[in-house]
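Residue-level structural notes
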Amino acid sequence: MGSLSTHYERAKMNTQKINIAISGLGLLTIEDIKERLIKYTPETVKINWTVLSDKNLDCLLINDDFFHTHSIQNIINGNNIAFLRITKKNSASKDTQPDILSIPITNEEPLKKL
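Now for a description of the structure that goes with this document.

1. Considerations on unusual backbone geometry
With an omega of 5°, the peptide bond running from I103 to P104 counts as cis. Tracing the backbone through its elements, the reader meets P104 in the loop between strand 5 (100-102) and helix 6 (109-113). Although it is not a glycine, N80 sits at a positive phi angle of roughly 50°. Secondary-structure assignment places N80 in the loop between helix 4 (70-79) and strand 4 (82-87).

2. Some remarks on the pairing of strand 3 (residues 59-63)
Counting buried positions along strand 3 yields 5 of 5 residues, so the element is predominantly enclosed. Here strand 3 shows two buried faces, one formed by C59, L61 and N63 and the other by L60 and I62. Note: strand 1 (residues 17-23) against strand 3, 4 bridges, orientation parallel. Note that in strand 3 the partner of I22 across the bridge is L61. The pairing of strand 3 with strand 4 spans 5 bridges and is parallel. Its bridge partner being in strand 4, L60 is matched across the sheet by F83.

3. Structural notes on the nonpolar core
Counting 18 residues, the largest nonpolar core has I20, I33, L61, I86, L101 and L111 as the members making the most contacts within it. Setting aside residues no more than four positions away along its own chain, I20 makes contact with L37, I47, N48, W49, T50, L57, C59 and L61. In this structure, L57, F67, I72 and I81 belong to the second largest nonpolar core, which totals 10 residues.

4. Considerations on the environment of L111
By secondary structure assignment, the location of L111 is in helix 6. By relative accessible area, which is 2% here, L111 ends up buried. Excluding anything up to four places from it in sequence, L111 contacts I33, R36, L37, Y40, L61, L84 and L101.

5. Details of the packing of aromatic side chains
By the definition in use, this model includes 1 aromatic pair. Ring geometry for F67 against F83: centres 5.0 Å apart, planes inclined by 40°, an arrangement best described as tilted. Of the two residues, F67 is situated in helix 3 (residues 64-67) and F83 in strand 4; the sequence distance between them amounts to 16 residues. This pair shows no difference in class: F67 is buried, exactly as F83 is. Positioned above the aromatic ring of F67 is the side chain of R85, whose terminal nitrogen or guanidinium carbon lies 4.8 Å from the ring centre.

The rules behind the values
- Residues numbered from 1 in each chain as written.
- Predicted model: local features only at pLDDT ≥ 70, side-chain atom pairs only at ≥ 80, totals over all residues.
- Heavy atoms only, no water.
- Helix = DSSP H or I, 4+ residues; strand = E, 2+ residues; numbered from the N terminus.
- Buried < 20%, exposed > 50% of the residue type's maximum accessible area, 1.4 Å probe, protein only.
- Pairing = 2+ DSSP bridges.
- Core = buried A, V, L, I, M, F, W, Y, C linked by side-chain atoms within 4.5 Å.
- Contact = heavy atoms within 4.5 Å.
- Phe/Tyr/Trp six-rings, centres within 6.5 Å; stacked < 30°, edge-to-face > 60°.
- Lys NZ or Arg CZ within 6 Å of the ring centre and 35° of its normal.

Next up, the structure:
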């Protein structure tokens, strides 16, 4: 997985933007995550909210229920993009995994490290 910080560095050098897609979540959850991501994004980088099929996708935030599907794995592995799995199953073990964000959000570390 490419880290989002690597994509931030590339964005700084090239287009000054990062392409992020969020999929499989409710609108209120998506808006909450967007606000939090904006908070942790350097001011020099513009976030371009996009869709899964975007050829320039840099980062994917995906409902954990869909993470292991063939099409999602093809997107992640074929393009070496950063990802964050979103789960509603709030447990202590999931809160400590760097690629999983539990909702409701009580630990923002996965967003900070994305």
